[in-house]
Amino acid sequence: MSQHPEEGESSVNDETRAIEEVINAFMYYGKFGTEKILKTIQQMKNYPQDFQILVVNKNKEFVESMKQRIEHNHSILKMIANSASGMIGENHTKALRIHQARRPTGEFLSKVLSTIRQICREWSSEGLPEREATFKPIIEELNSIFPTETERHNIRILVPGCGLGRLAHDLIEQGYTVQGNEFSYFMLFTSFFILNCCKEVDQFTIYPYLFDKSNCWKSEDRLRGVTFPDKTLVSSVTNRPNSFSMCAGDFLEIVKDTQFDAIVTAWFIDTANDIFKYIDAIYDALPENGIWINVGPLTWHFEDIAGETSIELPYSDIMLRIRQKGFEVVSEKEIDSKYTVNRLSMLQNQFNCAYFYARKDLLD
């Protein structure tokens, strides 16, 4: 593949390369799906002959339906990858210029599949029970602290690790001024597509469960689609006093030398290499009486990853440090919640999440 001199190896920065890897992973989905189809067909050929005869028509219909849905998902992922040009501009163009289609790593393929599940969790009616379990208590807590709707635009809230932006979006609906922060380009590209390109309720359909062979009751369950977004987006509302922004990058860098009235960490604090740094950063980014609301489990993301520093504390030690740092823990409770589950699967993983509301103490 020929390159212009300005696009040569030495001029391509790390950010452009990272963007290209994500675009490549999105674009590979169709080939990955074809690989899965071929493997399925081969498995069907290994059925006993008398069973093949029994299910031959059903299997043909299933394979054809799988092909159609894989192609459809691929078209959605291509739209997501292409729409990112509106977010990152020239880096997107440079990434496409150096792009050479290839098989992504297993990690990146997994991230594509989890992104599809995340669309379902955050932006479809299918994900409502999960959002009701952990997002709704946060919103209700904030609304009880700030009951006057007409004054909420003066309350600046940071939502780090905001994924596809649903919690941040719903806080905007409540009248707050919100900044979302996300590190993953998979999440950033997809949230940009949803927040900027989705103009109607249930405008698009995605098929999140196509490759869920394990714990499957019947093949047809894998073909089930979900529509998104499940609501009209506030991006279409003009002349509102509050604002919404998204900031890409590492939380510890983004939060430096800035302050928010409240920080909401939903399914986030276990992404820390060093939880002490997260606690310090949140403390420093809040004014006196500033609010920290947290919900989520402690599935430490960097545990046992070679080359990564990781500190994994139990919840009790985290709360000990939070109080030592200078927070008053106003309330704590446990919340049961699932996460990106297939509700028709035999397997229903459930988390017992920690929820707390803390205030930064008044300084002496």
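One numbering rule holds for all chains: residues counted from 1, following each sequence as written. Local features in a predicted model are, by the rule used here, given only for residues with pLDDT of at least 70; side-chain atom pairs are given and counted only at 80 or more, and totals for whole chains, interfaces and linings are based on all residues. Note that the side-chain values use all heavy atoms of the structure and ignore hydrogens as well as water.

- Per an unreviewed UniProt entry, the recorded name for the protein is carnosine N-methyltransferase, and the organism is Caenorhabditis latens.
- UniProt positions are given in the numbering used here, feature names are shortened, and annotations may be inferred rather than shown by experiment. The UniProt entry for the protein carries the following comment under Sequence similarities (unreviewed entry): "Belongs to the carnosine N-methyltransferase family."

### Here we look at the sheet that holds strand E8 (residues 327-338)
Then, number 1: When DSSP finds two or more bridges between two strands, those strands count as paired. Here a helix means four or more residues in a row that DSSP labels H or I, a strand means two or more in a row labelled E, and each is numbered from the N terminus. Here we have seven strands laid out as an open sheet, ordered E5-E2-E1-E6-E7-E9-E8, and mixed in their pairing. Of all the strands in the sheet, the pair left with one neighbour each is strand E5 (244-248) and E8. Taking the axes of each pair of neighbouring strands and ignoring which way they run, one obtains an average angle of 15° across the sheet.
Then, number 2: As judged from the 11 bridges shared by E8 and strand E9 (residues 350-360), these two strands associate in the antiparallel manner. Residue pairing for E9: Glu328 is matched across the bridge by Arg359.
Then, number 3: The criterion used for residue contact is that any of the two residues' heavy atoms lie within 4.5 Å. In this analysis, axes come from line fits to C-alpha atoms, helices being fitted only over the stretch in contact, and the angle between any two N-to-C directions falls in the range 0 to 180 degrees. Seen against the sheet, helix H6 (residues 128-145) touches strand E1 (156-160), strand E6 (262-266), strand E7 (291-296), E8 and E9 and runs at an angle of roughly 155° to E8.

### Observations concerning the packing of aromatic side chains
Then, number 1: A pair of aromatic rings is counted whenever rings of Phe, Tyr or Trp (Trp by its six-membered ring) have centres within 6.5 Å, and the orientation is called stacked for planes under 30 degrees apart, edge-to-face for over 60 and tilted otherwise. By the definition in use, this model includes 17 aromatic pairs.
Then, number 2: On the basis of an interplanar angle of 90° and a centroid distance of 5.3 Å, the ring pair of Trp267 and Phe351 is categorised as edge-to-face. Of the two residues, Trp267 sits in the loop between E6 and helix H10 (275-284) while Phe351 sits in strand E9, which places them 84 residues apart along the sequence.
Then, number 3: Judged by its relative accessible area of 27%, Phe351 falls in the partly exposed class.
Then, number 4: Clustering of aromatic rings is evident, with ring pairs tying together Tyr283, Trp292, Phe327 and Phe356.
Then, number 5: In this arrangement the basic side chain of Lys111 is found over the ring face of Phe108, its NZ or CZ atom lying 5.2 Å from the centre.
Then, number 6: A positively charged side chain is recorded as over a ring if its NZ (Lys) or CZ (Arg) lies within 6 Å of the ring centre. The angle to the ring normal must also be within 35 degrees. A cation sits over an aromatic face here: Lys360 above Tyr283, 4.1 Å from the ring centre. Only protein chains enter the calculation, and the probe is 1.4 Å; a residue is then buried if its accessible area is under 20% of its type maximum, exposed if over 50%, and partly exposed in between.

### Here we look at the side chain of Lys231
Then, number 1: Within the secondary structure, Lys231 sits in the loop between strand E4 (226-228) and E5.
Then, number 2: At a separation of 2.6 Å, a polar atom in the side chain of Lys231 contacts the side chain of Glu173.
Then, number 3: The contact partners of Lys231, leaving out residues within four places of it in the chain, are Trp123, Arg166, His169, Asp170, Glu173 and Val201. Throughout this description, a polar contact denotes any pair of N or O atoms lying within 3.5 Å of each other; where both atoms belong to protein, one of them has to be capable of donating a hydrogen while the other can accept it, and for residues adjacent in sequence the pair is counted only when both atoms sit in side chains.

### Observations regarding the environment of Met319
Then, number 1: Tracing the backbone shows Met319 in helix H11 (residues 315-325).
Then, number 2: When the C-alpha positions of Met319 and Glu332 are compared, they lie 10.0 Å apart, and in sequence the two are 13 residues distant.
Then, number 3: Excluding residues within four positions of it along the chain, Met319 makes contact with Val329, Glu332 and Phe356.

### Some words on the pairing of E7
Then, number 1: With six of six residues buried, E7 is to be regarded as a mostly interior element.
Then, number 2: Of the two faces of E7, the one holding Ile291, Ile293 and Val295 and the one holding Trp292, Asn294 and Gly296 are both buried throughout.
Then, number 3: Here E6 runs beside E7; their pairing, made up of five bridges, is parallel. Bridging from a neighbouring strand, Ala266 pairs with Val295 of E7.

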